[in-house]
Amino acid sequence: MDQFARLLPYVWRHRSKVYLSMFFALVVALLWAATLSMTFLVVKVLLQGQSLQSYLNSEIQSAEQEIIKREQELRELDQELAELAFSEASINAVPGAPKSKKEVKLLQQQDQRRRQLSVASHRFVAGQWIQRRMLGWIPEDQFNTYALILCVLVLATAIKGTAMFIQDMLVGSVVELSVMALRKDCFRHSLDLDYQTLSLRGTAALMSRFTNDINIASDGLNLLGGRIVREPLKAATCILAAFYVNWQLTALSLVCVPLMAVTFHRYGQLLKRASHHTMERMSRIYKSLEETFDGMKIVIAFNGARRHRLRFHHENKDYYRTSMKVVRIDALTSPTIELLLTVAVCFSLLPGAFLVLRHEDSIWGVKLAAGPLQIEDLSVLYVLLAGTLDPIRKLSSIYSRLKRSSAAIERVFEVLDWKPALKQALPIQLLPRHSQSIVFKKVYFKYASTEEVTERPDALTDVNLKIAAGEVVVVVGENGSGKSTLVNLLPRYYDPERGSVQIDGIDIRHVRLRDLRSQIGLVTQETLLFDDTIYDNIRYGKSDATHAEIHAAAEKAHVTQLFDQLPEGFETRVGPRGNRLSGGQRQRVALARALLRDPSILILDEATSAVDAQSESLIHQCLGDFVKGRTVFLITHSVTSQILEFATRVVVMEQGQLLATGSHEELLQSCPAYQRLYRAQTTGRSDDSLAEVRLNAPVTGSNVEASAAIDPPHVIKFAPTNGDVANHEPRRKAN
Ligand code: ADP
Ligand code: MG
């Protein structure tokens, strides 16, 4: 239940509806007990041949007699007390002395008589009231009386049904509104989390929480507001009525309550654990689905269907196994509770029947009824206890759903409990448009991993780099050398483990994320577009951009040139993740999006790797204009002469370390690693027919010169040098 408490703030906003629903629940409960109590009248009329009028008369008479009797008794008690006081006063004159035993007993008797008198006078008054007001309505004839009782029963049930309907509607709306707010909060919180935390958790885990788990949670909340309020109230009113009919026998039936409580508790624990497991398994199913459908192309190309089917089957079976645990416990709850309840009812009915059949009021000297128990009393007791049974049985069947929902809420709130790994350092500093320098100072970084067993090597080790504003830095290096990691520190996808990144002398941890990111334009390796039109995808870079600005950005990134192939032009929808465009087309749109932002820092992480050589050359031409007045990081595998025209510096990365930095010519002279990369580039020329021969050919200095001489300058290209050179796919194929 502790989990439900966390939902209170959400529910509290709609408290007026909650109160109203509770009122209706109370109406339902009262009518429930009232309709059941009518059995009493039915038995009276049908079995004992009385009409309601005569019954009422006899009731009033008996009440009157009781009043007279009790008053008489009270007078006698008063007298006795007075006498006692007098005799004791003569013996022991100390005022305020402790009362004698006899006096205490008399006082207790007096109390009891007074109470009985009050009950009897209530009965008398109520009887008279009914007689006065309703006598005209109450038929004399027995059958008519019976028909009337049934009419009242139907009417009461109709009112009860209406109250139930209103209550359910109220609760339903409170639940849906609360869950909606919760979902919203979770989403907002997830968006506030940092990239690292989210990517570690995985999309599937989040998706399953947002869909499956929240649904289960709302189911429980619905029950909590609806039946969980109503059913116990129904049970309680019945129990109270039963106490009124005969408290001794009713109390006897309560002996099983502790046993029931223990059973409920134990099953609850088991259920919660099992439910946690099922939801965990469901999230794995999501993961499997996500991976399969996202990687459909590869699944098809590599005939991976069987493999994925097996994996899915495995996850599915796992889910089945854990769900069966829940089902088993769930299935056990109802029968167990029902058995206990029946035993409980028997505990009171057996002695009750004994009293009725033997015309007695006590068993083994224990008084169990005020007078000999009447058959109508026993039957109404039976009906009332059965009326208690039904709500509790219902409760037991929804108990499991409640527990599951509690587990689900726990999982949903886990999302809200995830703390972002990025902390805003204080004091907060304003970052004016970047105009001085970007400094990486003794930066160390290691990726976090969920499996704590294997330590990952540092992705960046002691990186020191100072870049003046307006520089165009070309970052080169083998795959996995840490180029992307380095530039990803700028928009704070991650924070360095040690060291700092400074823009214009301000540690970026002190800058508001929003301010920081508003200055950065980014095109990543895996270009992601949203399922929208090209126009809107570009506008994503700057939501208040004018039409002309968007056109200009599209022009620079050579998006408009695509419109021969995309007849709908800007209105072309790109499909989920942009999958209706080719890789190169996607990259161009992503580039336009980044350019539109008019960033002071532009990061192009292999942004044109899939763009065809001609367009790439054109884009680079335009970039030459665009990069003026901006600091640019350009990660690329192909350093073309065009890039070199506007590049001010080349940075070479190797195994997370910054190996060398300088101009292209300097590095060719001084940095063996750069030379190696450069040579590999020249041998990996993109002439498809020659590529294989050349890639396998020994790399020599003359080779470099020769190929450089015959190649058009912009197709010089770096091939990865780490062993998989031979597998390197010629870039021309990328489109
Ligand atoms: P590249 O120079 O090719 O851009 P990266 O910076 O992407 O290289 O990667 C550097 C190293 O960090 C690699 O060894 C890679 O395995 C590791 N790495 C990259 N991204 C992650 C990640 N999200 N989680 C864990 N390790 C990563
Ligand atoms: Mg990379």
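Residues numbered from 1 in each chain as written. Chains lettered and ligands numbered in written order. Predicted model: local features only at pLDDT ≥ 70, side-chain atom pairs only at ≥ 80, totals over all residues. Heavy atoms only, no water.

Residue position: Ala 344 is located in helix H12 (residues 305-358). Residue classification places Ala 344 among the buried residues on the basis of a relative accessible area of 5%. Look past the residues within four positions of Ala 344 in its chain and what remains in contact with it is Ser 253 and Cys 256. (Helix = DSSP H or I, 4+ residues; strand = E, 2+ residues; numbered from the N terminus. Buried < 20%, exposed > 50% of the residue type's maximum accessible area, 1.4 Å probe, protein only. Contact = heavy atoms within 4.5 Å.)

Its location among the elements puts Leu 522 in strand S8 (residues 520-523). The class of Leu 522 is partly exposed, set by a relative accessible area of 22%. Along the sequence, Leu 522 and Pro 491 sit 31 residues apart, while their C-alpha atoms lie 8.8 Å from each other.

Before going further, it helps to spend a moment on the site of ligand 1. Around ligand 1 sit Tyr 447, Arg 456, Ala 459, Glu 478, Asn 479, Gly 480, Ser 481, Gly 482, Lys 483, Ser 484 and Thr 485, and those are all the residues in its vicinity. A distance of 3.5 Å separates a nitrogen atom of ligand 1 from a polar atom in the side chain of Tyr 447. Within the backbone of Lys 483, an N or O atom sits 2.9 Å from an oxygen atom of ligand 1. Expressed as a share of its isolated accessible area of 550 Å², the protein-covered part of ligand 1 is 64%. Of the residues belonging to the shell around ligand 1, the class tally is two nonpolar, six polar and three charged. (Near = heavy atom within 4 Å. Polar contact = N/O pair within 3.5 Å; in protein donor to acceptor, adjacent residues only side chain to side chain. Areas by Shrake-Rupley, 256 points an atom, 1.4 Å probe, with all protein chains shown as cover. Nonpolar A, V, L, I, M, F, W, Y, C, P; charged D, E, K, R; others polar.)

To continue, consider the nonpolar core. With 49 residues, the main nonpolar core has Ile 534, Ile 538, Val 559, Leu 623 and Val 652 as its most contacted residues. Residue contributions to this core peak at seven residues, all from helix H18 (residues 583-596). Those residues in contact with Ile 538, other than ones at most four positions away along the chain, are Ile 550, Ala 554, Val 559, Phe 570, Val 589, Ala 592, Arg 593 and Leu 596. (Core = buried A, V, L, I, M, F, W, Y, C linked by side-chain atoms within 4.5 Å.)

A cluster of nonpolar residues, Val 255, Leu 339, Val 343 and Phe 347, forms a patch on the protein surface that exposes about 360 Å² of accessible area. Mapped onto the elements of the fold, Val 343 is located in helix H12. By relative accessible area, which is 35% here, Val 343 ends up partly exposed. (Patch = residues over 30% accessible without salt bridge, like charges linked within 9 Å, V, L, I, M, F, W, Y side chains within 5 Å. Salt bridge = Lys/Arg side-chain N within 4 Å of Asp/Glu carboxyl O.)

With that settled, consider the sheet that holds strand S10 (residues 631-635). Pairing in this open sheet of six strands is mixed, and the strands run S8-S9-S10-S5-S11-S12 from one edge to the other. A single partner strand is all that each edge strand has here, and the edge strands are S8 and strand S12 (657-662). Between one strand and the next, the sheet's axes are offset by a mean angle of 15°, whatever the strand orientation. Relative to strand S11 (residues 649-654), strand S5 (residues 472-477) runs parallel, the two being bridged by five bridges. Bridge pairing in S11 places Gly 477 opposite Met 653. Where H18 meets the sheet, it contacts S8 and strand S9 (601-605), and its direction lies at approximately 175° from that of S8. (Pairing = 2+ DSSP bridges. Axes fitted to C-alpha atoms, helices over the stretch in contact; angles between N-to-C directions.)

What follows concerns the pairing of strand S6 (residues 498-503). As paired elements, strand S3 (residues 437-445) and S6 share five bridges and run antiparallel to each other. Within the sheet, the bridge partner assigned to Phe 440 lies in S6 and is Val 501. In terms of strand pairing, S6 meets strand S7 (residues 506-507) through two bridges, oriented antiparallel. Bridge pairing in S7 places Ile 503 opposite Ile 506. Linking S6 back to S7 in an antiparallel pair, the connection comprises two residues, with Asp 504 at a positive phi of about 50°.

Attention now moves to the packing of helix H17 (residues 547-556) against H18. Contact pair H17 / H18: the axes reach a minimum separation of 8 Å and the direction vectors enclose 130°. One element, H17, and the other, H18, form an angle in the oblique class. The hand of the H17/H18 crossing is right-handed. Residues Glu 549, Ile 550, Ala 553, Ala 554 and Lys 556 of H17 lie in contact with H18, whose contacting residues are Ala 592, Leu 595 and Leu 596. (Parallel < 35°, antiparallel > 145°, perpendicular 65-115°, else oblique. Left-handed = near helix turned anticlockwise from the far one by under 90°.)

To continue, consider the side chain of Arg 630. On the secondary structure map, Arg 630 appears in the loop between helix H19 (613-626) and S10. In terms of polar contacts, Arg 630 uses its side chain to reach the backbone carbonyl oxygen of Pro 599, at 2.8 Å. Leaving out residues up to four positions away in the same chain, Arg 630 has contacts with Arg 433, Gly 470, Glu 471, Asp 598, Pro 599 and Ser 600.

Worth remembering: the numbers are spatial, not functional.
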